[in-house]
Amino acid sequence: NAGVTQTPKFQVLKTGQSMTLQCAQDMNHEYMSWYRQDPGMGLRLIHYSVGAGITDQGEVPNGYNVSRSTTEDFPLRLLSAAPSQTSVYFCASSFRGQVAYEQYFGPGTRLTVT
Amino acid sequence: TQLLEQSPQFLSIQEGENLTVYCNSSSVFSSLQWYRQEPGEGPVLLVTVVTGGEVKKLKRLTFQFGDARKDSSLHITAAQPGDTGLYLCAGPPGAGSYQLTFGKGTKLSVIP
(Lines give C-alpha, C1' and ligand atoms only; values in the text may rest on other atoms or scores of the structure.)
Protein backbone atom coordinates (compact mmCIF):
# COMPACT_ATOMS: atom_id res chain seq x y z
CA ASN A 1 0.00 0.00 0.00
CA ALA A 2 1.22 3.48 -0.88
CA GLY A 3 -0.85 5.03 1.93
CA VAL A 4 -1.65 8.70 1.35
CA THR A 5 0.03 10.33 -1.63
CA GLN A 6 0.16 14.03 -2.47
CA THR A 7 1.28 15.87 -5.56
CA PRO A 8 3.07 18.12 -6.23
CA LYS A 9 5.71 18.17 -3.48
CA PHE A 10 6.55 21.84 -4.14
CA GLN A 11 4.70 24.58 -6.01
CA VAL A 12 5.22 28.28 -6.63
CA LEU A 13 2.24 30.36 -7.77
CA LYS A 14 1.72 33.99 -8.63
CA THR A 15 -1.04 35.91 -6.90
CA GLY A 16 -4.35 35.27 -8.64
CA GLN A 17 -3.41 31.95 -10.20
CA SER A 18 -5.44 28.84 -9.48
CA MET A 19 -4.29 25.28 -8.97
CA THR A 20 -5.32 21.91 -7.60
CA LEU A 21 -3.42 19.95 -4.96
CA GLN A 22 -3.92 16.24 -5.48
CA CYS A 23 -4.45 13.69 -2.72
CA ALA A 24 -5.10 9.97 -3.02
CA GLN A 25 -5.30 7.09 -0.54
CA ASP A 26 -5.42 3.36 -1.14
CA MET A 27 -6.56 2.23 2.31
CA ASN A 28 -10.31 2.50 1.62
CA HIS A 29 -10.72 5.04 4.43
CA GLU A 30 -14.04 6.86 4.50
CA TYR A 31 -12.83 10.03 6.15
CA MET A 32 -10.35 12.43 4.48
CA SER A 33 -9.24 15.92 5.38
CA TRP A 34 -6.99 18.78 4.34
CA TYR A 35 -4.87 20.77 6.79
CA ARG A 36 -2.51 23.67 6.46
CA GLN A 37 0.52 24.04 8.72
CA ASP A 38 2.02 27.44 9.41
CA PRO A 39 4.82 28.35 11.85
CA GLY A 40 3.42 28.95 15.31
CA MET A 41 -0.13 28.04 14.23
CA GLY A 42 -0.09 24.27 14.30
CA LEU A 43 -2.28 22.19 11.98
CA ARG A 44 -5.54 23.84 10.96
CA LEU A 45 -8.38 22.00 9.27
CA ILE A 46 -9.44 23.43 5.89
CA HIS A 47 -12.06 20.97 4.61
CA TYR A 48 -13.01 17.40 5.30
CA SER A 49 -15.10 14.60 3.82
CA VAL A 50 -16.88 11.71 5.48
CA GLY A 51 -17.37 9.80 2.24
CA ALA A 52 -17.76 10.12 -1.51
CA GLY A 53 -20.06 13.01 -2.36
CA ILE A 54 -19.97 14.51 1.16
CA THR A 55 -17.73 17.42 2.13
CA ASP A 56 -17.80 20.07 4.84
CA GLN A 57 -15.85 23.11 5.97
CA GLY A 58 -13.24 23.09 8.67
CA GLU A 59 -11.67 25.94 10.61
CA VAL A 60 -10.12 27.89 7.68
CA PRO A 61 -12.08 27.13 4.47
CA ASN A 62 -12.03 30.53 2.74
CA GLY A 63 -10.26 30.52 -0.63
CA TYR A 64 -10.38 26.73 -1.01
CA ASN A 65 -12.77 24.27 -2.65
CA VAL A 66 -12.93 20.49 -2.41
CA SER A 67 -14.88 17.66 -3.95
CA ARG A 68 -14.97 13.91 -3.30
CA SER A 69 -16.16 11.93 -6.31
CA THR A 70 -14.46 8.69 -5.23
CA THR A 71 -13.36 7.16 -1.93
CA GLU A 72 -9.72 7.35 -3.04
CA ASP A 73 -9.33 10.96 -4.20
CA PHE A 74 -9.78 14.27 -2.40
CA PRO A 75 -8.35 17.22 -4.37
CA LEU A 76 -8.01 20.72 -2.90
CA ARG A 77 -8.51 23.65 -5.25
CA LEU A 78 -7.12 27.14 -4.71
CA LEU A 79 -9.44 29.46 -6.59
CA SER A 80 -7.31 32.62 -6.74
CA ALA A 81 -4.03 32.25 -4.87
CA ALA A 82 -3.03 34.88 -2.31
CA PRO A 83 0.26 35.31 -0.41
CA SER A 84 -1.63 34.41 2.79
CA GLN A 85 -2.05 30.91 1.35
CA THR A 86 1.69 30.30 1.43
CA SER A 87 1.89 27.24 3.67
CA VAL A 88 2.52 23.52 3.86
CA TYR A 89 -0.60 21.53 3.02
CA PHE A 90 -1.25 18.05 4.36
CA CYS A 91 -3.90 15.60 3.30
CA ALA A 92 -4.95 12.88 5.74
CA SER A 93 -7.20 9.87 5.69
CA SER A 94 -8.76 8.35 8.76
CA PHE A 95 -10.36 5.18 10.02
CA ARG A 96 -11.92 4.12 13.28
CA GLY A 97 -9.30 2.19 15.23
CA GLN A 98 -9.97 0.14 18.35
CA VAL A 99 -10.52 3.18 20.52
CA ALA A 100 -10.50 6.33 18.36
CA TYR A 101 -10.15 7.64 14.84
CA GLU A 102 -6.55 7.44 13.64
CA GLN A 103 -5.24 9.77 10.96
CA TYR A 104 -2.69 8.92 8.29
CA PHE A 105 -0.97 11.88 6.70
CA GLY A 106 0.56 12.38 3.31
CA PRO A 107 4.06 13.87 2.88
CA GLY A 108 2.74 17.39 2.26
CA THR A 109 2.81 20.04 -0.47
CA ARG A 110 4.89 23.14 0.16
CA LEU A 111 3.18 26.07 -1.58
CA THR A 112 4.62 29.54 -2.07
CA VAL A 113 2.47 32.35 -3.46
CA THR A 114 4.38 35.41 -4.68
CA THR B 1 -13.64 25.32 21.21
CA GLN B 2 -11.42 22.81 22.97
CA LEU B 3 -7.82 23.96 22.91
CA LEU B 4 -4.69 21.95 23.51
CA GLU B 5 -1.68 23.81 24.88
CA GLN B 6 1.72 22.18 24.47
CA SER B 7 4.86 23.02 26.40
CA PRO B 8 7.62 23.72 26.00
CA GLN B 9 7.40 25.10 22.49
CA PHE B 10 11.07 24.34 21.81
CA LEU B 11 13.47 21.95 23.52
CA SER B 12 17.12 21.33 22.74
CA ILE B 13 18.93 18.65 24.70
CA GLN B 14 22.05 16.50 24.54
CA GLU B 15 21.95 12.87 23.49
CA GLY B 16 21.34 10.62 26.49
CA GLU B 17 19.29 13.12 28.50
CA ASN B 18 15.72 12.54 29.63
CA LEU B 19 12.88 14.92 28.84
CA THR B 20 9.16 15.42 29.32
CA VAL B 21 6.77 17.42 27.17
CA TYR B 22 3.24 18.34 28.11
CA CYS B 23 -0.18 18.70 26.54
CA ASN B 24 -2.82 20.51 28.59
CA SER B 25 -6.44 21.55 28.18
CA SER B 26 -9.18 23.05 30.29
CA SER B 27 -11.61 20.59 28.65
CA VAL B 28 -12.07 16.86 29.05
CA PHE B 29 -11.09 14.75 26.05
CA SER B 30 -12.43 11.27 25.36
CA SER B 31 -8.97 10.35 24.03
CA LEU B 32 -5.67 11.99 23.16
CA GLN B 33 -3.18 11.08 20.50
CA TRP B 34 0.50 11.86 20.06
CA TYR B 35 2.08 12.30 16.64
CA ARG B 36 5.70 12.84 15.62
CA GLN B 37 6.55 14.87 12.56
CA GLU B 38 10.04 14.78 11.06
CA PRO B 39 11.26 17.67 8.88
CA GLY B 40 9.71 17.56 5.41
CA GLU B 41 7.28 14.78 6.32
CA GLY B 42 3.70 14.43 7.52
CA PRO B 43 2.84 13.60 11.14
CA VAL B 44 2.90 9.93 12.13
CA LEU B 45 0.68 8.54 14.89
CA LEU B 46 2.64 7.25 17.89
CA VAL B 47 -0.05 6.36 20.42
CA THR B 48 -3.66 6.86 21.50
CA VAL B 49 -4.61 7.06 25.20
CA VAL B 50 -8.23 6.79 26.28
CA THR B 51 -8.45 5.95 29.99
CA GLY B 52 -7.74 8.46 32.75
CA GLY B 53 -4.42 7.57 34.38
CA GLU B 54 -3.43 5.31 31.50
CA VAL B 55 0.29 4.81 30.83
CA LYS B 56 1.57 3.43 27.53
CA LYS B 57 5.17 2.68 26.62
CA LEU B 58 6.71 2.63 23.19
CA LYS B 59 10.36 1.63 23.59
CA ARG B 60 11.98 4.68 25.30
CA LEU B 61 8.81 6.78 25.05
CA THR B 62 6.27 6.79 27.90
CA PHE B 63 2.87 8.41 27.43
CA GLN B 64 0.50 9.24 30.26
CA PHE B 65 -3.10 10.44 30.23
CA GLY B 66 -4.13 12.53 33.21
CA ASP B 67 -6.65 11.15 35.69
CA ALA B 68 -9.18 13.83 34.69
CA ARG B 69 -8.48 13.31 30.97
CA LYS B 70 -7.54 16.98 30.55
CA ASP B 71 -3.82 16.54 30.08
CA SER B 72 -1.15 14.20 28.81
CA SER B 73 2.60 13.92 28.94
CA LEU B 74 5.31 12.31 26.86
CA HIS B 75 8.54 11.27 28.57
CA ILE B 76 11.58 10.22 26.55
CA THR B 77 14.37 8.33 28.29
CA ALA B 78 17.93 8.60 27.01
CA ALA B 79 17.06 10.72 24.00
CA GLN B 80 18.73 9.95 20.70
CA PRO B 81 19.23 12.12 17.59
CA GLY B 82 16.56 10.02 15.86
CA ASP B 83 14.02 11.42 18.34
CA THR B 84 14.42 14.87 16.79
CA GLY B 85 11.15 16.21 15.42
CA LEU B 86 7.92 18.01 16.16
CA TYR B 87 5.70 16.27 18.72
CA LEU B 88 2.00 17.03 18.38
CA CYS B 89 -0.86 16.09 20.64
CA ALA B 90 -4.37 15.90 19.27
CA GLY B 91 -7.82 15.01 20.48
CA PRO B 92 -11.38 14.80 19.18
CA PRO B 93 -13.49 17.87 20.02
CA GLY B 94 -16.34 15.56 20.93
CA ALA B 95 -16.68 11.92 21.92
CA GLY B 96 -16.58 9.74 18.80
CA SER B 97 -15.69 12.65 16.54
CA TYR B 98 -13.60 11.89 13.49
CA GLN B 99 -12.13 15.40 13.54
CA LEU B 100 -9.06 16.24 15.58
CA THR B 101 -7.96 19.39 17.37
CA PHE B 102 -4.16 19.69 17.32
CA GLY B 103 -1.83 21.44 19.71
CA LYS B 104 0.89 23.63 18.21
CA GLY B 105 3.58 21.13 19.05
CA THR B 106 6.91 20.84 20.81
CA LYS B 107 9.94 21.05 18.55
CA LEU B 108 12.63 18.73 19.94
CA SER B 109 16.27 18.79 18.90
CA VAL B 110 18.59 16.10 20.23
CA ILE B 111 22.23 17.05 19.79
CA PRO B 112 24.73 14.21 19.30
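Look up: the structure comes first, before these words.
All figures in this text were calculated on a predicted structure; none of them were measured in a lab. (Residues numbered from 1 in each chain as written. Chains lettered and ligands numbered in written order. Predicted model: local features only at pLDDT ≥ 70, side-chain atom pairs only at ≥ 80, totals over all residues. Heavy atoms only, no water.)

1. Digging into the state of the cysteines
Every disulfide links exactly two cysteines, by a covalent bond between their sulfur atoms. Residues and elements named next belong to chain A. What counts here: We call a pair of cysteine sulfur atoms a disulfide whenever their separation is within 2.5 Å. The way it works is that DSSP assigns letters per residue, a run of H or I at least four long becomes a helix, a run of E at least two long becomes a strand, and they are numbered from the N terminus. Classification of residues uses two cut-offs on accessible area relative to the type maximum, computed with a 1.4 Å probe and protein chains only: under 20% is buried, over 50% is exposed, and between them is partly exposed.
A complete count under the given rule lists two disulfides over all chains for this structure. Disulfide pairing places cysteine 23 opposite cysteine 91 at an S-S distance of 1.8 Å. Judged by the sign of its S-S torsion, about -70°, the cystine formed by cysteine 23 and cysteine 91 is left-handed. With cysteine 23 in strand E3 (residues 19-25) and cysteine 91 in strand E9 (residues 87-96), this pair connects stretches of sequence that are 68 residues apart. There is no split in this pair, since cysteine 23 and cysteine 91 are both buried.

2. Some words on the nonpolar core
Cut-off, in case you're wondering: The definition of a nonpolar core used throughout is a set of buried Ala, Val, Leu, Ile, Met, Phe, Trp, Tyr and Cys residues joined through side-chain atoms within 4.5 Å.
Counting 21 residues, the largest nonpolar core has Trp34, Leu74 and Ile76 of chain B as the members making the most contacts within it. At the level of elements, strand E3 (19-24), strand E4 (32-37), strand E5 (44-49), strand E7 (61-65), strand E8 (71-76), strand E9 (85-91) and strand E11 (106-111) of chain B are the ones that each hand at least two residues to this core. Counting residues in each nonpolar core, the second largest holds 19 residues, with Leu13, Met19, Leu21 and Phe74 of chain A among its members.

3. What about the sheet that holds E3 of chain B?
All names here are of chain B. Heads up, the condition is: For two strands to pair, DSSP has to find at least two bridges joining them. Axes, fitted as lines to C-alpha atoms, cover a helix only where it is in contact. Angles between the N-to-C directions of the axes lie from 0 to 180 degrees.
Within the open sheet, the five strands sit side by side as E1-E3-E8-E7-E6. Their pairing is antiparallel. Of all the strands in the sheet, just strand E1 (5-7) and strand E6 (55-58) have a single pairing partner and so form its edges. Averaged over all pairs of adjacent strands, the angle between strand axes in this sheet comes to 15°, irrespective of strand direction. Pairing of E3 with E8 involves six bridges; the strand directions are antiparallel. Each bridged residue has a counterpart across the sheet, and for asparagine 24 the counterpart in E8 is aspartate 71.

4. A word on the environment of proline 107 of chain A
The test is simple: Contacts are assigned to residue pairs that have any heavy atoms within 4.5 Å of one another.
Mapped onto the elements of the fold, proline 107 of chain A is located in the loop between strand E10 (101-105) and strand E11 (109-113). A relative accessible area of 28% places proline 107 of chain A in the partly exposed class. Taking the C-alpha atoms as reference, proline 107 of chain A lies 14 Å from leucine 43 of chain A; in sequence the two are 64 residues apart. Beyond its immediate sequence surroundings of up to four residues, proline 107 of chain A is in contact with Val4, Gln6, Lys9 and Phe90 of chain A together with Gly40, Glu41 and Gly42 of chain B.

5. Topic: the packing of aromatic side chains
The cut-off we apply is this: Any Phe, Tyr or Trp ring, taking Trp's six-membered ring, that has another such ring centre within 6.5 Å forms a pair; planes under 30 degrees apart are called stacked, those over 60 apart edge-to-face, and the others tilted.
Summed over the entire model, instances satisfying the criterion amount to 10 aromatic pairs over all chains. Ring geometry for phenylalanine 105 of chain A and tyrosine 35 of chain B: centres 5.9 Å apart, planes at 90°, overall edge-to-face. Here tyrosine 35 of chain B lies in strand E4 and phenylalanine 105 of chain A lies in strand E10, a pairing that spans two chains. With relative accessibility at 12%, the residue phenylalanine 105 of chain A sits in the buried group. Taken together through their ring pairs, the aromatic side chains of Tyr35, Phe90 and Phe105 of chain A together with Tyr35 and Phe102 of chain B make up a single cluster.

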